[in-house]
Structures are given as structure tokens and as C-alpha cells.
Amino acid sequence: IGVHNLGLCIIIFTLVIYAFMTPLQIKQQKFAKMNAVMAPELQNIQKKYRGKKDQNSQLKMQEETMGVYEKYGVSPTGSCLQMLIQMPIFFALYQVIIKIPGYIGGIKDVFASAVSHITDVSGYSDIIFQFVQDNAIKNSYIPMSGKLSSDHVVDFLYSLSPAQWDKLADVDKFQGFADVLNQTADKLHPMQNFLGLNIADNPWALIQSGWSTQHYLLILAAVLIPVLAWGTQVLNMKLVQTASNTSNGTPSQMEATMKTMNMFMPLMTAFICFTFPVGIGIYWIIGAVIRSVQQIIINRHLNNMDMDDFIKKNKAKMDKKKAKLGVTSQNISQQAKMNVRNIEEPKRATIADK
């Protein structure tokens, strides 16, 4: 669409992804709100069967639990879909960011002349291997033995910082086409640069580089990526908790687990951001900001929602779906009771034999 800065492209991509996922987020938060309404009944069932580990009790607990979900027209897996969709998007985006030229032809073309000159040099693979070792380049994603292909050389060049491009042009066997390398670097830098950071670098490498060159603004900018990733996720999770908060005073085991996860996950994200490319950090930060804005709007809607009316509509919607599949609440209840009966009858028969 004419945007040549990769940082801005990631932001636009994130906006588009979360725009399409908005209906799923609304559905997920409605499930959380409904879960808060169901929580007291589910807790009572758990208390009723606490300490009872026999199969009969477990099946009865499952039957009663499913009865609560049926009563409110909710699926137990109602909150999983968004996460299942997000994970493959994240893993795919990670692969794209670390090897953007392999996925975007317009960027790969920028390297064409430089790659052609480098691969014409005798022993170019060994020169590159030595350069990677001498400059401690950890994000080149190339094999460190054998002969490098043209695509490997592209991946190597894409991983270089502006200072490393200058060093590459000073390599003895590459000095004959130093002007080609400098022109390539000049074309690439505006594409990779986002607020002074190379999106292919990771914050930890940028901090080390800034420390060695006494470039303290670079260190500050690199530290801000994981800090903002942590802060925006904490904000988003607080807003989600507000939407699904129960008012019965006693937190359930699930709520206690979620509270622990809400503390741990942002810290984990910040830690991962130090070693992942800056582009991934941008995706996480923008994604959390978008979700937070969406959550504020969703919370207002949920706070004004008539829960009794919503439960009634939800139940009718689920019954309609099950009717299409030939499944009814009565069928489910009968099947659960049959499972319990199948366990109890052999026990009675054994007692009668004795």
C-alpha cells in the first residue's frame, strides 16, 4: 500500500488483525462476564464433591457442571478461540520479521546487486563466517559451515546494523564494490529504522551496542520496548479483570490461577522481548494498546447490559445450534445419567453376588 517503513507496516498489520478479531474479543468478554455469573454455582458443585476422587462422583460432578453451562447457554471452551487464532499469527509473524526479505520480494530486490557482487568473490562464505564471529552477530540465521546460497547471503545482510555495513565495506575482498554495499545500506536503513531502532535487532543486542559506543539514547529506546510491552499488557489484563470480576467476595480456584497468570505473563513477555526482534515487541505493544481501547468500549457495553435478557438470548442461540445437530439438553442429561448408571450397576451386581 505504499508504506516502506517496516515498523509502520507491523503497526498497520496489527490494526488489521485486531479489527478482524474484534467480534471474537467481544464474545470472549461476554463469556467472562457470564462466567462471573455462573461462578457461585460452579463453586458450590466443586465444594460438594471436594475430596471425592472416585469415578462415580467425578461423573456426577461433570454432569452437574455441564448442567450449569446448559442453563446459561455457554460452551466450556468459549474463551479459547481467540488464543488459538493468535498463536499461529504470532509464530508466523516471528518468522516473517527475522527473515523479511524471504517473504517480501520488494525488500529482497534491494539486496540483489550486493549479493551478486559478494557471491562472485572466491571464498565469500568463509569471509562471511569470519565476519559473523568477529562482530558477534547472533541474529544472522545462517548455517555456519558449508557454502552459503544467495538467500543465505540476503539473510546475513538483512541482519547487519548500520555500523556493521560500514565494517563489511572495509573487508579487503569487498572493497572493490564498497559503493554498492553503501548504496544498499542507504536504501535499507529507512525501511528497518523505527524511532531510531533497527526492527531486526533485539533490545539486548542494541543495549550492548549502545553501551560500547556510549549511545545512551539507544539504550533508553531499547529498554523501552520490553518495558512498554510489560506495561501495556498489565493495563490490558486489569481491564479484562474489571469486565469479569465477581462480586461474591470469595475468589474461585480459576480466578486465583488467572490472577497469578496475569502477574506472570507480562513479566514473561518483557523478558522475551529482550531477546526477540524489536518488530515482535512493536507487535505486542500495539496489540495490547488496541485490545485495551477495545476493552474500555466493551466494558461500557457490558456494564449496561441486562444479564437476564442476555442469558435468555444466549440459551436460545445455543439451543438453536444444537437443534441443527440433533442434540438437546435432555439428550445430554440422559447420556450423563446413563454413564453414571453404567458404573453403578456393575457395583450393585458385585455386591449381590457376594
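Everything discussed here concerns the structure shown above.
Residues numbered from 1 in each chain as written. Predicted model: local features only at pLDDT ≥ 70, side-chain atom pairs only at ≥ 80, totals over all residues. Heavy atoms only, no water.

1. A few points about the packing of helix H6 (residues 112–119) against helix H8 (residues 150–158)
- It is at 10 Å that the axes of H6 and H8 come closest, and there the two elements cross at 115°. Between H6 and H8 lies a crossing whose hand is right-handed. Each of Ala114, Val115, Ile118 and Thr119 in H6 lies in contact with H8, whose residues at this interface are Ser150, Val153, Val154 and Leu157.
- Grouping the amino acids of the contact of H6 with H8 by side-chain chemistry returns six nonpolar, two polar and no charged. (Axes fitted to C-alpha atoms, helices over the stretch in contact; angles between N-to-C directions. Helix = DSSP H or I, 4+ residues; strand = E, 2+ residues; numbered from the N terminus. Left-handed = near helix turned anticlockwise from the far one by under 90°. Contact = heavy atoms within 4.5 Å. Nonpolar A, V, L, I, M, F, W, Y, C, P; charged D, E, K, R; others polar.)

2. Observations concerning the pattern of salt bridges
- Under the defined criterion, the tally for this structure stands at two salt bridges.
- With its nearest N and O atoms 3.0 Å apart, the salt bridge here joins Lys48 to Glu64. Taken together, the positions of Lys48 in helix H1 (residues 6–48) and Glu64 in helix H2 (residues 55–72) put the pair 16 residues apart, joining distant regions of the chain.
- Exposure remark for Lys48: the relative accessible area of 46% places this residue in the partly exposed category. (Salt bridge = Lys/Arg side-chain N within 4 Å of Asp/Glu carboxyl O. Buried < 20%, exposed > 50% of the residue type's maximum accessible area, 1.4 Å probe, protein only.)

3. Focus: the packing of H6 against helix H10 (residues 178–192)
- Two numbers describe how H6 lies on H10: the axes approach to 9 Å, and their chain directions differ by 150°. As far as their axial angle goes, H10 and H6 are roughly antiparallel. Of the two possible hands of crossing, H6 and H10 adopt the one that is left-handed. The residues of H10 that touch H6, namely those facing Ser113, Ala114, His117 and Ile118, are Val180, Leu181 and Thr184.
- Of the residues assigned to the contact of H6 with H10, the class counts are four nonpolar, three polar and no charged. (Parallel < 35°, antiparallel > 145°, perpendicular 65-115°, else oblique.)

4. Some words on the side chain of Arg291
- Along the chain, Arg291 falls in helix H14 (residues 278–303).
- In this structure the side chain of Arg291 is engaged in a polar contact, spanning 2.9 Å, whose partner is the side chain of Tyr18.
- Residues contacting Arg291, with those up to four places away along its chain left out, are Tyr18, Gln25, Gln86 and Asn236. (Polar contact = N/O pair within 3.5 Å; in protein donor to acceptor, adjacent residues only side chain to side chain.)

5. Structural notes on the nonpolar core
- Counting 65 residues, the largest nonpolar core has Phe156 and Leu157 as the members making the most contacts within it.
- Looking at this core element by element, the count peaks at seven residues for H14.
- Here Phe156 is in contact with Ile128, Phe131, Val132, Ile137, Ser140, Ile142 and Leu168, once residues within four sequence places are set aside. (Core = buried A, V, L, I, M, F, W, Y, C linked by side-chain atoms within 4.5 Å.)

6. Notes on helix H11 (residues 203–212)
- Within H11, burial applies to Pro203, Leu206, Ile207 and Gly210. Angular distribution of buried residues about the axis of H11 spans 100°; they occupy a single face of the element.
- Looking one or two residues past H11, Gln214 carries a phi angle of roughly 55°, positive in sign. (Arc of directions from axis to C-beta.)

7. Re the packing of aromatic side chains
- One pass over the structure, following the stated rule, counts five aromatic pairs.
- Here the aromatic rings of Phe13 and Tyr283 are separated by 6.5 Å at their centres, their planes lie at 45°, and the arrangement is tilted. One end of the pair, Phe13, is in helix H1; the other, Tyr283, is in helix H14, and 270 residues separate them in sequence.
- Owing to a relative accessible area of 33%, Phe13 belongs among the partly exposed residues under this scheme. (Phe/Tyr/Trp six-rings, centres within 6.5 Å; stacked < 30°, edge-to-face > 60°.)

8. Focus on the environment of Thr232
- If you trace the backbone, Thr232 turns up in helix H12 (residues 216–244).
- You can call Thr232 buried: its relative accessible area is 13%.
- Taking the C-alpha atoms as reference points, Thr232 and Arg291, 59 residues apart in sequence, are found 9.4 Å from one another.
- Not counting chain neighbours up to four residues away, the residues in contact with Thr232 comprise Ile285, Ala288, Val289 and Ser292.

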